[in-house]
Amino acid sequence: MKTQVAIIGGGPAGLLLSEILHRHGVDSVVLEKHSREYVLSRIRAGVLEQTTVDVLRSNGVGDRMEREGHVHDGMKIVWAGRESFFIDVKKHVNKRFMAYGQTNIQEDLFVAADIRGAKVLTEAEDVQPVDVTTDHPYVTFRHNGESVRLSCDYIVGCDGFHGVSRKSIPSSVLRIFEKEYPFGWLGILSETPPLPDIVYANHPRGFALASMRSPMLSRYYIQAPLDTKLEDWSDDRFWRELKARFPKELADAIATGPSIEKSIAPLRSFVAEPMRYGQLFLAGDAAHIVPPTGAKGLNLAVSDVFYLSRALAALYNQGSEALLEQYSDMALRRVWSSVRTSWYLTNLLHRFPGASDFDQRAQEFELDYLKSSHHAQAALAEQYAGLSFEQ
Ligand code: FAS
Ligand code: PHB
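Values in this document were obtained by computation on a predicted structure and should not be read as measured data.

1. Some details on the environment of leucine 40
Inference 1: By the secondary structure assignment, leucine 40 is in helix H2 (residues 36-41).
Inference 2: Counting along the chain gives 333 residues from leucine 40 to serine 373, while the straight-line C-alpha distance between them is 42 Å.
Inference 3: Beyond its immediate chain neighbours, meaning those up to four positions away, leucine 40 contacts Thr103, Gln106, Glu107 and Phe110.

2. Comments concerning the pairing of strand S17 (residues 259-273)
Inference 1: Bridging between strand S13 (residues 175-190) and S17 involves 13 bridges; their strand directions are antiparallel. Bridge pairing in S17 links glycine 187 to serine 263.

3. Brief notes about the pairing of strand S15 (residues 208-214)
Inference 1: For S15, a buried count of six out of seven residues is recorded, marking the element as mostly surrounded by other parts of the structure.
Inference 2: Note that strand S14 (residues 199-202) and S15 share three bridges and pair antiparallel. Within the sheet, the bridge partner assigned to valine 199 lies in S15 and is alanine 210.
Inference 3: Counting the residues that bridge the hairpin from S14 to S15 gives five residues, and of these glycine 206 lies at a positive phi of roughly 130°.
Inference 4: The turn joining S15 and strand S16 (residues 217-224), which pair antiparallel and follow one another in sequence, is formed by two residues.

4. Quick notes on the packing of helix H11 (residues 357-372) against helix H12 (residues 374-385)
Inference 1: Relative to each other, H11 and H12 sit at 95°, their axes nearing to 5 Å. Judged on the interaxial angle alone, H12 and H11 are roughly perpendicular. Touching Tyr369, Leu370, Lys371 and Ser372 of H11 are His374, Ala376, Gln377 and Leu380, all from H12.
Inference 2: When grouped by side-chain class, the residues that make up the contact of H11 with H12 number four nonpolar, three polar and one charged.

5. Digging into the site of ligand 2
Inference 1: Near ligand 2, the surroundings consist of 13 residues, among which Tyr200, Ser211, Arg213, Tyr221 and Thr293 are the closest.
Inference 2: Here an oxygen atom of ligand 2 and a side-chain polar atom of arginine 213 are 2.7 Å apart.
Inference 3: Tyrosine 221 has a polar side-chain atom sitting 2.7 Å from an oxygen atom of ligand 2.
Inference 4: Among the elements of the structure, S15 and S16 are those that each provide at least two residues to the shell around ligand 2.
Inference 5: In terms of residue count, the dominant contributor to the shell around ligand 2 is S15 (three residues).
Inference 6: The class makeup of the residues in the shell around ligand 2 is seven nonpolar, three polar and three charged.

6. Comments concerning the side chain of threonine 103
Inference 1: As for its placement among the helices and strands, threonine 103 is situated in helix H6 (residues 102-115).
Inference 2: At 2.9 Å, the side chain of threonine 103 and the backbone oxygen of arginine 42 are in polar contact.
Inference 3: The residues contacting threonine 103, other than those within four sequence positions of it, are Leu40, Arg42, Ile43 and Arg44.

7. What about the layout of surface pockets?
Inference 1: Here the second largest pocket defines a volume of roughly 210 Å³.
Inference 2: Among the secondary structure elements, those contributing two or more residues to the lining of the second largest pocket are helix H10 (322-349) and H11.
Inference 3: Counting residues per element, the lining of the second largest pocket draws most heavily on H11, which supplies five residues.
Inference 4: Taken together, the residues that form the lining of the second largest pocket break down as four nonpolar, four polar and two charged.

8. Brief notes about the pattern of salt bridges
Inference 1: The final tally for this structure, using the stated rule, is 22 salt bridges.
Inference 2: For arginine 57, the salt bridge identified is with aspartate 54, shortest N-O distance 3.4 Å. One end of the pair is arginine 57 and the other is aspartate 54, both in helix H3 (residues 50-58) and three residues apart, which spans about a single turn.
Inference 3: Taking relative accessible area as the criterion, arginine 57 reaches 42% and is therefore assigned partly exposed.

9. What to know about the site of ligand 1
Inference 1: Taken together, 29 residues form the shell around ligand 1, and within it Glu32, Arg42, Arg44, Gln102 and Asp285 come nearest.
Inference 2: Taking lysine 33, its main chain carries an N or O atom lying 3.1 Å from a nitrogen atom of ligand 1.
Inference 3: For ligand 1, an oxygen atom lies 2.4 Å from a polar atom in the side chain of glutamine 102.
Inference 4: Surface burial for ligand 1 is 85%, taken as the share of its 1000 Å² of free accessible area covered by protein chains.
Inference 5: Elements represented by at least two residues in the shell around ligand 1 include exactly helix H1 (12-23) and helix H9 (297-318).
Inference 6: Looking at side-chain class alone, the shell around ligand 1 contains 14 nonpolar, eight polar and seven charged residues.

10. Some remarks on the sheet that holds strand S7 (residues 97-99)
By definition, the strands of a sheet pair up through backbone hydrogen bonds, in either a parallel or an antiparallel sense.
Inference 1: Judged by pairing direction, the sheet is antiparallel, and its three strands sit side by side in the order S3-S7-S4 without closing on themselves. Here the strands that pair on one side only, and so sit at the sheet edges, are strand S3 (47-48) and strand S4 (70-72).
Inference 2: With three bridges connecting them, S4 and S7 associate as antiparallel partners. The residue of S7 that forms the bridge with histidine 70 is alanine 99.

Cut-offs applied
- Residues numbered from 1 in each chain as written.
- Chains lettered and ligands numbered in written order.
- Predicted model: local features only at pLDDT ≥ 70, side-chain atom pairs only at ≥ 80, totals over all residues.
- Heavy atoms only, no water.
- Helix = DSSP H or I, 4+ residues; strand = E, 2+ residues; numbered from the N terminus.
- Contact = heavy atoms within 4.5 Å.
- Pairing = 2+ DSSP bridges.
- Buried < 20%, exposed > 50% of the residue type's maximum accessible area, 1.4 Å probe, protein only.
- Axes fitted to C-alpha atoms, helices over the stretch in contact; angles between N-to-C directions.
- Parallel < 35°, antiparallel > 145°, perpendicular 65-115°, else oblique.
- Nonpolar A, V, L, I, M, F, W, Y, C, P; charged D, E, K, R; others polar.
- Near = heavy atom within 4 Å.
- Polar contact = N/O pair within 3.5 Å; in protein donor to acceptor, adjacent residues only side chain to side chain.
- 1 Å grid on protein atoms, 1.4 Å probe; cavity = no way out; pocket = protein on both sides within 12 Å on 5 of 7 lines; lining within 4 Å.
- Points joined across faces, edges and corners; volume = space filled by probe spheres on them.
- Salt bridge = Lys/Arg side-chain N within 4 Å of Asp/Glu carboxyl O.
- Areas by Shrake-Rupley, 256 points an atom, 1.4 Å probe, with all protein chains shown as cover.

Structure (structure tokens):
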């Protein structure tokens, strides 16, 4: 088999990259190790930055998002015993953000791929990038019991945190920056009407978050210890604990019901530099992971894809390599900006086991300052809504 760009991973990064390259006349093949059903069964992100909405809309995969997405002007922060406050993103930076599930985006991308007859090979086994530092790289894999060699000009690792691509870069070349947080998030999806706003809660019992997927699909999270076992958390116990972390008027407004999904995710920050090695590029979770507190993970995958697809299109259509050479540094500037925002919000809103009185008091002051300072709120609003892309 031969193509111009071999894409490893059929998550949001891989499918979106394939879609945008196609729209610029660049051929690609997507190799996904799981089945389509498995990929679509994953419940993940839910908040889209303005730039993500723009990228999906301008590449023909935003129609359903426009119809079913829920646009927000800002988000609420509540804090045990204190008045809640609203970060008015629209007022501060004249941007809005969209609540629309990653699962829906994945469905929309698969539909678009089917319409254009895209080469998306699911259940591709033992995918392996080869000769990535030569000008004739290729990928080997097994599909339907056959061993296949896919020759290409470039390979893009969109295969997530546990993928094979990042591991193909020698440890002497790769610099890893990481931080593990001493807690995780226990999340629930329920077919109940959500609160009108996205609400972040800092409470002595721990962090909580109220979000949504649609007018009849709610998404809630509570901070939970790393050794939390899903089987210990009945729906009733989850709802009691969630409500205990919100002020009474909000807790009373939370509609409860049976969960249709429940999962635990650890919180970590992780960045691998550089995001290029020879003809191999990394995009999305293959290169970086952020704690979900800032709703940045999926948005960073989209910004990497925006930068890389623009660079590859410039190369194939104008013969210019400049943007391709700048890709890693340009993508990493945005990655680190989101890593910092996610780190800031995680420290601001969670209760850290073993935090000293000083740490706790400093956190309370930071919340007080954010509540009272227009400038502090504008700085957070700018980051939360997403910075504009570099030209
Ligand atoms: P993905 O991991 O989505 O996709 C990688 C794809 O590559 C997968 O389909 C995988 O099967 C495939 N793959 C892996 N190895 C392969 C191999 N060797 N060969 C072929 N294919 C291979 N972000 C938010 O913004 N908000 C959230 O609330 C949020 N919650 C999350 C909860 C969980 C449990 C997880 C894991 C992530 C969450 N994220 C959240 C982050 C998430 O949304 C990611 O940022 C997003 O999925 C990144 O997309 P991709 O880079 O495409 O990686
Ligand atoms: C979600 O809806 O899943 C969500 C919303 C806001 C976040 C994280 C996750 O910060």
